[in-house]
Amino acid sequence: MKKCNLKYILVEKKQINKFKSFHETLNYDTFTVEHNDLVLFRLHWKNTEVDLMLSDGKEKYEKEKIRNSVSSEHVNEEKVEERMDLRLEHCLAYVLHTSGTTGIPKIVRVPHECIVPNIQHFRVLFDITQEDVLFLASPLTFDPSVVEIFLALSSGASLLIVPTSIKLLPSKLATVLFSHHRVTVLQATPTLLRRFGSQLIKSTVLSATTSLRVLALGGEVFPSLTVLRSWRGEGNKTQIFNVYGITEVSSWATIYRIPEKILNSTLKCELPVHLGFPLLGTVVEVRDTNGFTIQEGSGQVFLGGRNRVCFLDGEVTVPLGTMRATGDFVTVKDGEIFFLGRKDSQIKRHGKRLNIELVQQVAEELQQVESCAVTWYNQEKLILFMVSKDALVKDYIFKELQKHLPSHAIPDELVLIDTLPFTSHGKIDVSELNKIYLNYINLKSENKLSGKEDLWEKLQYLWKSTLNLPDLLKVPDESRFLNSGGDSLKSMRLLSEIEKLVGTLVPGLLEMILSSSILEIYNHILQTVFPDEDVTFRKSCATKRKLSNINQEEASGTSLHQKAIMTLSCHNKINAFVALSRGSQILSLNTTRFLPKLGHCSSAYPSDSVSQTNTQNLKGLNSPVLIGKSKDPSCVAKVPEEGKPAIGTQKMELHMRWRSDTGKCVDASPLVVIPSFDESSTTVYIGSHSHKMKAVDFYSGKVKWEQSLGDRIESSACVSKCGNFIVVGCYNGLVYVLKSNSGEKYWMFTTEDTIKSSPTMDPTTGLIYIGSHDQHAYALDIYATGNVIWKHSCGKPLFSSPRCCSQYICIGCVDGNLLCFTHFGEQVWQFSTSGPIFSSPCTSPSEQKIFFGSHDCFIYCCNMKGHLQWKFETTSRVYATPFAFHNYNSSNEMLLAAASTDGKLWILESQSGQLQSVYELPGEVFSSPVVLESMLIIGCRNNYVYCLDLLGGNQK
């Protein structure tokens, strides 16, 4: 990065920890971008660093200036060598890395003069007009994308950009490209084309009625003419080109259009398709082992041209016309160049030289082979990976290969796969093939399927092992692979393992893995393996949790070290206050005089901060009249259409009092702090996606202070035991301790991943409990140096926040379970729902009941033994934490406020779950409500924090 004086870099969030650990000395700012998975880094280089970076060329540059000056005075002196200089203004067009699939990865800095000829020549050769539609097949990290983009832009043509999720599904991609958008020009690697499968290529991509006018294949060995002919439907008129080049001389160097008469010929052609003629401004040379250019015979390709020059790694100036070695070997015959293979494709096997690409070409020409790839596994085994039209072809394929290949070229093993894995650049992913083979040999000796009854259990085992899930976890029948932490590479691994388990190829299995639930995958496998039996899996045979559509956004970590601070005493400068936060959590420090007015009953009071008299007064509030009986009837209240209450009638109305703009979505929940010395100074603390933590006046909505943290804030704040600090988690993996009166950063603790969980404070010990995306729950002592007292691995990310009460600590998990622990970290019980739990638990004032929401659209109430009391069905998923409170207009009635993601606020009667009122906010809601007196505070995804008045109504 120093070498090219890089100013900006986009980093995937899942790679941020690795990026920061590799570049700890970097100076940078970070910015969020609209794409959820990326973070923009702006780099700051010191002048000395830039000077050092250019030092390798600076001296030469100065010498050249002197020599040029002298030559202008002495025209007869030797002419100075002309060089391309990256320091010239507007020299570079872009910078990228080579993929490393064909050698050691390099930094390549590409001048405008190098890439523009490609675009100009392709525009003429392909006859691009504004009527054309080009598909952006290459990622932005692969230089052919530059040609694709600017071919379209410079011609007024359309450029089609398709989501990655569609690219993973060949049948859907074919429909998008050739049915919905009628793509006319496609530039791709042969592997990308092969993924469609020969049948789909023939019926759609290269059919007689296809929209595709131009197909340019490059980046890998061009398919043999036999294979190419088999792909074309009768009457197809698509122009097919072989393009060849290397990133070091970005992007393409040669091109050859396959003549129609060759495509239509039935004569067998022994030679591969030749590379064609050089593109505009390009020079192609073939050199022998001594470095001499040859006109006939075999040698290595060198590419260049006067202005077809790029800067590699630390180069600052490069002579015009520089030729680069490609590592590709060819043979020249009658002036035509034919590709033989790469240097690293040449192996020595059984004492003889072998080009493994020859094995691939011969195998692919067999009628039963859709596509294939060959690897030299651990430099000891030749493995042929094959996508086949027929699952029972292994013996036949071996016999056919023996007819066409010498004995030293026959593969050691043939592995059937559903589709070829490819890199982000569209090339064969050799490392993934090796992983598939490793799993293949491991599964050969174990996990043999004894019958259909054994399939469900073994499928769950393979699912969990591929996704690194706990062995004891029961996989819900609605679980989807991509939503449970899977990706395209892991899906290939799972596919391979399943097919080894059942001992046969399962057609269409990859698309099922990428788009269907585990139950649907199971039934699909059964229908293939046991086609003559009625084997449809019944829903009652599997767990009924639901893990679909989990938004597990990848995290951005931090390399910041924990900052030590001087030991604090929570007894110094203790403020008298009441803190109110989501889940009806109330913390009272040295005051009880206005608790009755709040309309709440506290569930936790610090024994060392409240006098004995005050404690008795507080307990007096928890009378049976106020808290109701503990034996609630079991009830399920459902909301019918048009928002009418299911049971009873609406007794309450909600009207907006004020709203405050935060700049971005508000997913965090409010913390309300009421100082005893001045109730009118009540403050709402809340953060948002804008990275800002805000302190807002409760009654007026005016902002008191703002503090910018390192990343997005979804965590809701809690107050320290002394009342002088606000604690909040952040997407950058840090727990921030801020001064409550000013927002000043006082101390930070580093976890190992993103923090969406909200901290909670134990009023007895002062410990702060918080969960992290690193799959641990932490207990922190902020009055020492942030010591971890204990942590418990849940085996899954935690989006729920812990609720601390006198007996237990409860927290929800994405596997659909509500977990209950003792204060020493021992698990007591778990309660299962039918969807992930992002909602945090809320306890009743008596601590006899727990309220929480789930992705299954229900609000739950269970007792402290984990038994269901009632559940209420909303109109959408429930991420928010419910809030239990006394009706301000009727102190003997206990209510529950809850929110669903569609923006609806639900007011329920807490004993039975009966609906009292519904209010809809103008945006999605992931924030949780907090009720104080007759006012409700909540955040909304339309960027605002709302304060609503709760008005009692007359029952009709």
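From a predicted model like this one, the values you see are computed outputs, not experimental measurements.

Asks: Explain the overall build of the chain here, please?
Replies: Along the chain, the regular secondary structure elements total 20 helices and 55 strands. Burial status across the chain gives 58% buried among its 956 residues. Considering only contacts in the chain between residues 6 or more positions apart, those separated by 24 or more positions represent 58%. Here the chain has roughly 40,900 Å² of accessible surface; of this, 50% comes from carbon and sulfur atoms.

Asks: Help me understand helix 4 (residues 144-153), please; the structure alone is not making it clear to me.
Replies: For an α-helix, the turn length of 3.6 residues means that residues three or four places apart are oriented alike. In terms of burial, helix 4 is a largely internal element, eight of the 10 residues being buried. What helix 4 keeps buried is the set Pro144, Ser145, Val146, Val147, Glu148, Ile149, Leu151 and Ala152. Residues of helix 4 that are buried make contact with strand 5 (92-97), helix 3 (112-125), strand 7 (133-135), strand 8 (158-160) and strand 9 (185-188).

Asks: Just checking my understanding: could you explain the sheet that holds strand 9 for this structure?
Replies: Note on sheets: strands pair through backbone hydrogen bonds, and any given pair is parallel or antiparallel. Strand order in the open sheet made by the seven strands is 8-7-9-10-11-12-13, with mixed pairing throughout. Every interior strand has two partners, whereas the edge strands, strand 8 and strand 13 (277-278), have only one. By the bridge criterion, two bridges tie strand 12 (residues 254-257) to strand 13 in an arrangement that is antiparallel. Its bridge partner being in strand 13, Thr254 is matched across the sheet by Pro278.

Asks: I would appreciate a short explanation of the confidence of the model for the chain in the present structure.
Replies: Caution applies to low-pLDDT regions: their predicted coordinates should not be interpreted in detail. Looking at the chain, pLDDT values average 78 and 79% of them are 70 or higher. Across the chain, element-level confidence peaks in strand 7 with a mean pLDDT of 97 and bottoms out in helix 20 (residues 624-627) with 26. Across residues 534-572, where pLDDT falls below 50, the model places 122 contacts with residues more than four positions away in sequence or in other chains. Of the regions scoring below 50 in pLDDT, residues 596-650 engages in 124 contacts with residues more than four places distant in sequence or in other chains.

Asks: Please clarify how the packing of aromatic side chains should be interpreted in this entry.
Replies: The relation between two aromatic rings is expressed through the spacing of the ring centres and the mutual angle of the planes. Counted according to the given criterion, the structure contains 19 aromatic pairs. Seen from their ring centres, Tyr685 and Trp705 are 5.9 Å apart, and the 45 degrees between their planes marks the pair as tilted. One end of the pair, Tyr685, is in strand 30 (residues 683-687); the other, Trp705, is in strand 32 (residues 703-708), and 20 residues separate them in sequence. Taken together, a centroid distance of 6.2 Å and an interplanar angle of 40 degrees make the contact between Phe851 and Trp870 tilted. You can see Phe851 sitting in strand 46 (residues 849-853) and its partner Trp870 sitting in strand 48 (residues 868-873), a full 19 residues away along the chain. Taken individually, Phe851 and Trp870 each receive the classification buried, so the pair is uniform in this respect. Taken together, the aromatic side chains of Phe831, Phe852, Phe858 and Tyr860 make up a single cluster linked through ring pairs. When the ring centre of Tyr944 is taken as origin, the NZ or CZ atom of Arg659, which lies over that ring, is 4.0 Å away. Its guanidinium or amino end placed over the ring of Phe926, Arg941 lies 3.8 Å from that ring's centre, counting from NZ or CZ.

Asks: In this structure, what is going on with the sheet that holds strand 41 (residues 803-804)? I would like to understand it.
Replies: A sheet is described by the order of its strands in space; here four strands give the open sequence 41-42-43-44, paired in antiparallel fashion. Bordering the open sheet on either side are strand 41 and strand 44 (827-832), each of which pairs with just one other strand. By the bridge criterion, four bridges tie strand 42 (residues 809-812) to strand 43 (residues 817-821) in an arrangement that is antiparallel. Paired with Cys810 across the two strands is Cys820, which belongs to strand 43.

Thresholds, definitions, all that
- Here, residues in each chain are numbered from 1, in the same order as that chain's written sequence.
- Local features are withheld for residues below a pLDDT of 70 in this predicted model, meaning they are given only at 70 or higher, and side-chain atom pairs are given and counted only at 80 or more; totals for whole chains, interfaces and linings count all residues.
- Only hydrogens and water are removed before side-chain values are computed, so all heavy atoms of the structure are retained for them.
- Working definition: helices are DSSP H or I runs of at least four residues, strands are E runs of at least two. Numbering for both runs from the N terminus.
- When accessible area is computed with a 1.4 Å probe and restricted to protein chains, residues below 20% of their type maximum are described as buried, those above 50% as exposed, and intermediate ones as partly exposed.
- By definition in these notes, contact holds between two residues if any of their heavy atoms fall within 4.5 Å.
- We get accessible surface area from the Shrake-Rupley algorithm with a probe of 1.4 Å; when it comes to residues, only the shown protein chains can shield them.
- Here, a strand pair is defined by DSSP locating no fewer than two bridges between the strands.
- Each residue carries a pLDDT score, the predictor's confidence in it, ranging from 0 to 100.
- Here the aromatic set is Phe, Tyr and Trp, taking the six-membered ring for Trp, and pairing holds for ring centres within 6.5 Å; pairs whose planes are under 30 degrees apart are stacked, those over 60 apart are edge-to-face, and all others are tilted.
- Only when the NZ atom of a Lys or the CZ atom of an Arg is both within 6 Å of the ring centre and within 35 degrees of the ring normal do we say a charge sits over the ring.

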